[in-house]
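Each chain, letter by letter, is given below.
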Amino acid sequence: MITRRDLLGAALALAALPSAAGRRRARICMILPGAETALEHGFHEQLASLRIDAELLVRDAGPGMSKVPAILREARSRGTDLIYTSGTTVTLAVAGPPPADPARHVTDIPVVFAGLSEYDAPAFAGPARARNVTGTTASVPLETQVAAMLAYRPFTRIAVIANPASEGAMRAVAVLRALGLRHGFELIERHPPLDRAGVPIASSLTALVAAIARQGAQALYLGAEQFMVDHRRAVMQAATAQRLATFSPSEQVLRDGQALFGLAVNLESLGRHTARKAAAILVGGAAPSSIPVDTLARPSLMINMPVAAALELYPPVSLLNKAEVLRHGLG
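In this text, all values refer to a predicted model and were calculated from it rather than measured experimentally. (Residues numbered from 1 in each chain as written. Predicted model: local features only at pLDDT ≥ 70, side-chain atom pairs only at ≥ 80, totals over all residues. Heavy atoms only, no water.)

Participant: With reference to specific residues and values, describe the packing of helix α2 (residues 38-49) against helix α11 (residues 267-282).
Facilitator: Taken N-terminus to C-terminus, the directions of α2 and α11 make an angle of 45°; their axes are 6 Å apart at the nearest point. Judged by the angle between their axes, α2 and α11 are oblique. By crossing handedness, the relation of α2 to α11 is classed as right-handed. Contacts from Ala38, Leu39, Gly42, Phe43, Glu45, Gln46 and Leu47 in α2 reach Leu267, Glu268, Leu270, Gly271, Arg272, Thr274, Ala275, Arg276 and Ala278 in α11. (Axes fitted to C-alpha atoms, helices over the stretch in contact; angles between N-to-C directions. Helix = DSSP H or I, 4+ residues; strand = E, 2+ residues; numbered from the N terminus. Parallel < 35°, antiparallel > 145°, perpendicular 65-115°, else oblique. Left-handed = near helix turned anticlockwise from the far one by under 90°. Contact = heavy atoms within 4.5 Å.)

Laid out in structure tokens, this is it:
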């Protein structure tokens, strides 16, 4: 199995190669849930740093992953060498949960995913590691997240809003429930209703935030599941209006969703790490199943001071001294 040290060695060896000399131009299809983010920027920059000449086909998966079948047909017709996927929903639509169905999912082209949560990644670990898939996760262990929340304030009533259609999100809620029993806080759970197609109804989120506030919640945890990240601004604005402390492990929710605080993996750095895995496959000839699914070693503690001021919930000095201070105004 390829280790972190192996990946670093491969990256250094690749950087020492002449630019594209003697190598065919790689073809990479990037399938995203929307616009490019810092994840993709880091991926692009690392490929350039390694001097990998790549033709990039960047495509939006479309609402409900509706465009994925056509994108995969296009990728195969172009002789794609590797498929990059961003987030759980896209990755499952492309690679499929185990066992993958070759008629619907990609089994013949290496897939490298970026930004899965630790509760979605098991679909690509264990016995499934024989699959043509590897990648990176973007989450911090929930035990560590809860410790950070309780270090900010000794909250006794914490709420969570999670997408009931996401198996990973529901596994995370179960872990939060157990952590509540262990650490002495009550977990208030709310889930957006699903429409007839099984898609969460976004218009319900503001009312859900109001409901948990009426139940006496002191803080709201918003995970990194794609639906919740997509609707981060509406949720965070509603939570701030209800004077709820908001915590998230998603850098997107923290930086432009205006959460109060959180522990997050730097997405640009994670994109770079993901690109090194892609390079090990494209240039080093590594099998995806030999490359571990992992994340960055050190998450960042982020605190949004304008939100803290609005809520009059200033962080303790012990946390502030360790944090990246965000200064985004409330919008």
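Participant: Give me the lowdown on the pairing of strand β2 (residues 54-60), citing residues and values where you can.
Facilitator: Bridge count for strand β1 (residues 26-32) against β2 is 7 bridges, and the pairing is parallel. The partner of Cys29 across the bridge, within β2, is Leu57. With respect to chirality, the unit in which β1 leads through α2 into the neighbouring parallel β2 is right-handed. (Pairing = 2+ DSSP bridges. Right-handed = clockwise from strand over helix to strand, strands pointing away.)

Participant: With reference to specific residues and values, describe the packing of aromatic side chains.
Facilitator: Inspection of the entire model under this criterion finds 4 aromatic pairs. Between Tyr221 and Phe247, the aromatic rings sit 6.0 Å apart at their centres with planes inclined by 20°, giving stacked as the arrangement. Residue Tyr221 is found in strand β8 (residues 219-221), and its partner Phe247 is found in strand β9 (residues 245-247); the two are separated by 26 residues along the sequence. A residue is classified by how much of its surface remains accessible, and Phe247, at 0% relative accessible area, is buried. Three or more aromatic residues joined by ring pairs form one cluster here, namely Tyr152, Tyr221, Phe247 and Phe261. (Phe/Tyr/Trp six-rings, centres within 6.5 Å; stacked < 30°, edge-to-face > 60°. Buried < 20%, exposed > 50% of the residue type's maximum accessible area, 1.4 Å probe, protein only.)

Participant: Can you break down the nonpolar core residue by residue, with the values?
Facilitator: Core analysis: the biggest nonpolar cluster contains 59 residues, and Ile28, Phe43, Tyr84, Tyr152, Leu260 and Phe261 have the highest contact counts within it. With 7 residues, α11 is the single largest residue contributor to this core. Contact partners of Phe261, with chain neighbours within four places excluded, come to Ala148, Met149, Tyr152, Phe155, Thr246, Phe247, Ser248, Leu254, Met302 and Ile303. The next biggest cluster of nonpolar side chains, apart from the first, holds 25 residues, and it includes Ala217, Leu222, Met228 and Ala264. (Core = buried A, V, L, I, M, F, W, Y, C linked by side-chain atoms within 4.5 Å.)

Participant: Describe in detail the side chain of Thr134, supporting the description with residues and values.
Facilitator: Following the sequence through the fold, Thr134 ends up in strand β5 (residues 133-137). Here Ile291 takes part through its backbone oxygen, which lies 2.7 Å from a polar atom of the side chain of Thr134. Those residues within four positions of Thr134 in sequence are excluded, and the remaining contacts are Val111, Val112, Phe113, Lys277, Ile281, Pro288, Ile291, Pro292 and Val293. (Polar contact = N/O pair within 3.5 Å; in protein donor to acceptor, adjacent residues only side chain to side chain.)

Participant: Hey, could you go over the pairing of strand β11 (residues 300-304) for me, with residue numbers and the actual values?
Facilitator: Burial analysis of β11 places 4 of its 5 residues in the buried class, the great majority of the element. Relative to β11, strand β10 (residues 261-264) runs antiparallel, the two sharing 4 bridges. In the sheet register, Phe261 faces β11, and the bridge partner there is Ile303. As judged from the 3 bridges shared by β11 and strand β12 (residues 324-326), these two strands associate in the parallel manner. Along β12, the bridge assignment pairs Met302 with Glu324.

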